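Tertiary structure, described
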Amino acid sequence: QVQLVESGGGLVQAGGSLRLSCAASGPTFTMGWFRQAPGKEREFVAYMSRSGGSTRYTDSVKGRFTISRDNAKNTVYLQMNSVKPEDTAVYYCSAGALVTVDPMRVGYWGKGTLVTVSS
């Protein structure tokens with residue numbers, strides 16, 4: 001059982017930046033981020049394999065968000081730049097053996113951290 005703990009959420013103005021962190025209790029293969037806005041389904045944001053050789057972003061964040069990881073610390077990061085009000089959501093850290101954009105196939109979830117972007 002892997003436990004994930006997110007941090008770094010908060011209130012930010014549109015155009016600003018925020019960095020999310022997620023620490024895992026042990027080594028994992030794929031780590032990533034999903035988000036869920038009020039009244040909407042959970043959606044994929046980004047993932048990175050352990051080696052970093054497989055990385056993927058959803059189209060709406062390409063060029064603005066960057067995922068990275070520190071395997072020595074079992075931690076994944078999401079650098080969010082040029083944020084928009086539509087980025088407002090609870091951001092969930094994900095981890096597991098599969099490289100996937102399907103939330104139903106994620107092995108482990110964090111409890112989430114709220115990101116609010118004001119206009």
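Residues numbered from 1 in each chain as written. Predicted model: local features only at pLDDT ≥ 70, side-chain atom pairs only at ≥ 80, totals over all residues. Heavy atoms only, no water.

So, the overall build of the chain
The number of helices and strands found in the chain is 0 helices and 11 strands. Moving toward the C terminus, one meets the helices and strands of the chain in the order β-β-β-β-β-β-β-β-β-β-β. A compact globule built from 119 residues would reach a C-alpha radius of gyration of about 14 Å, and the chain, at 13 Å, matches this within 12%. Dimensions of the chain, computed from C-alpha atoms along their principal axes, come out at roughly 40 × 25 × 25 Å. Burial status across the chain gives 43% buried among its 119 residues. (Helix = DSSP H or I, 4+ residues; strand = E, 2+ residues; numbered from the N terminus. Rg over C-alpha atoms; globule rule 2.2 N^0.38 Å. Buried < 20%, exposed > 50% of the residue type's maximum accessible area, 1.4 Å probe, protein only.)

A few points about the sheet that holds strand β7 (residues 65-70)
Strands in a sheet are paired, the pairing made by backbone hydrogen bonds, and the direction either parallel or antiparallel. One open sheet holds the 4 strands; their spatial order is β1-β3-β8-β7, and the pairing between them is antiparallel. Two strands lie at the open edges of the sheet, namely β1 (4-7) and β7, each paired on one side alone. If you compare each strand with its neighbour and ignore which way they point, the axes differ by 15° on average. (Pairing = 2+ DSSP bridges. Axes fitted to C-alpha atoms, helices over the stretch in contact; angles between N-to-C directions.)

Let's talk about the state of the cysteines
Applying the stated criterion to the full structure yields 1 disulfide. In this model Cys22 forms its disulfide with Cys93; the gap between the sulfur atoms is 2.0 Å. Taking the torsion about the S-S bond as the criterion, the Cys22 to Cys93 disulfide, at about -85°, is left-handed. One end of the pair, Cys22, is in strand β3 (residues 18-24); the other, Cys93, is in strand β9 (residues 89-96), and 71 residues separate them in sequence. Exposure class is identical for Cys22 and Cys93. Each is buried. (Disulfide = S-S within 2.5 Å.)

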